[in-house]
Amino acid sequence: MCVTAYCPCRRCCGEYSNGKTACGYKINPGDSFVAADSKYPFGTEMLIAGYNNGEPVKVLDRGGVIRGNKLDVFFNSHKQALQWGVRYLDVKIRSN
Ligand SMILES: [Zn+2]
C-alpha cells in the first residue's frame with residue numbers, strides 16, 4: 001500500500017485541524033493511528049512496517065485523498081510526518 005504521513009497541523013489538515021479525527025477520537029500527544037479508506041471500518045487494526053515500533057495501530061481517521069490502497073499514518077509533529085515521506089509497504093490488516 002502507499003503510505004503517507006500527516007500531523008494535526010493546519011498544513012496537513014486544513015479546516016479539519018480541530019484535534020479530533022473523523023470518528024470523533026480526540027488526539028493525544030504520542031498517539032499512533034492511521035487514516036484509511038472507508039472500506040476499512042474504524043477500529044480495524046493494521047500492522048505497518050516501520051511505524052509504531054512494529055505494533056498494530058487502529059484506523060481512526062479518514063482523508064479526502066486517502067482512498068483504496070492509500071494510507072496516512074499519524075505523527076505528532078509536521079517534521080516527523082515529512083521525514084516519513086511516501087512509502088510503498090506491505091500492510092497486514094486485521095478486521096474486527
Ligand atoms: Zn502537518
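All values derive from a computational prediction rather than experimental measurement.

*Asks:* What should I look at first to understand the sheet that holds strand β2 (residues 34–35) in this one?
*Replies:* Each strand in a sheet pairs with its neighbour through backbone hydrogen bonds, running either in the same direction (parallel) or in the opposite one (antiparallel). The seven strands lie next to each other as β6-β1-β5-β2-β4-β3-β7, forming an open sheet whose pairing is mixed. Every other strand in the sheet has two partners, leaving β6 (87–88) and β7 (91–94) as the edge strands with one partner each. Bridging between strand β3 (residues 45–48) and β7 involves four bridges; their strand directions are antiparallel. Across the sheet, the residue bridging to Glu 45 is Arg 94, located in β7.

*Asks:* Please clarify how the nonpolar core should be interpreted in this entry.
*Replies:* Taken as a class, soluble globular proteins show a tendency for nonpolar side chains to be buried jointly. Among the nonpolar cores identified, the biggest contains 17 residues, and Val 34, Ala 36, Ile 48, Leu 71 and Val 73 are the most heavily contacted of them. Where this core is concerned, the elements lending two or more residues are β1 (2–6), β2, β3, β4 (57–61) and β5 (70–74). Every residue in contact with Leu 71, bar those within four places of it in the chain, is listed here: Met 1, Val 3, Val 34, Ala 35, Ala 36, Ile 66 and Val 91.

*Asks:* Mind showing me how you'd approach unusual backbone geometry here?
*Replies:* Peptide bonds are, in most cases, trans, and in most cases residues other than glycine have a negative phi. Not every positive phi belongs to a glycine, and Asn 52 is a case in point at roughly 55 degrees. As for its position among the elements, Asn 52 is in the loop between β3 and β4. Overall, Asn 52 belongs to the partly exposed group, with 16 C-beta atoms counted inside 10 Å. Its identity as a non-glycine residue notwithstanding, Asn 53 has a phi of 55 degrees, on the positive side. Assessed through the 6 C-beta atoms surrounding it within 10 Å, Asn 53 is described here as exposed.

*Asks:* So what exactly am I meant to see when it comes to the pairing of β1 here?
*Replies:* It is a general feature of regular strands that their side chains alternate between the two faces of the sheet. For β1 and β5, the ladder comprises five bridges, and the chain directions are parallel. Residue pairing across strands places Thr 4 opposite Asp 72, the latter belonging to β5. Bridge analysis of β1 against β6 gives two bridges, and the strand direction is antiparallel. Its bridge partner lying in β6, Cys 2 is registered against Tyr 88.

Rules of the game
- Residues numbered from 1 in each chain as written.
- Predicted model: local features only at pLDDT ≥ 70, side-chain atom pairs only at ≥ 80, totals over all residues.
- Pairing = 2+ DSSP bridges.
- Helix = DSSP H or I, 4+ residues; strand = E, 2+ residues; numbered from the N terminus.
- Core = buried A, V, L, I, M, F, W, Y, C linked by C-beta atoms within 7 Å.
- Buried ≥ 20, exposed ≤ 12 C-beta atoms within 10 Å, placed from the backbone.
- Contact = placed C-beta atoms within 7 Å.

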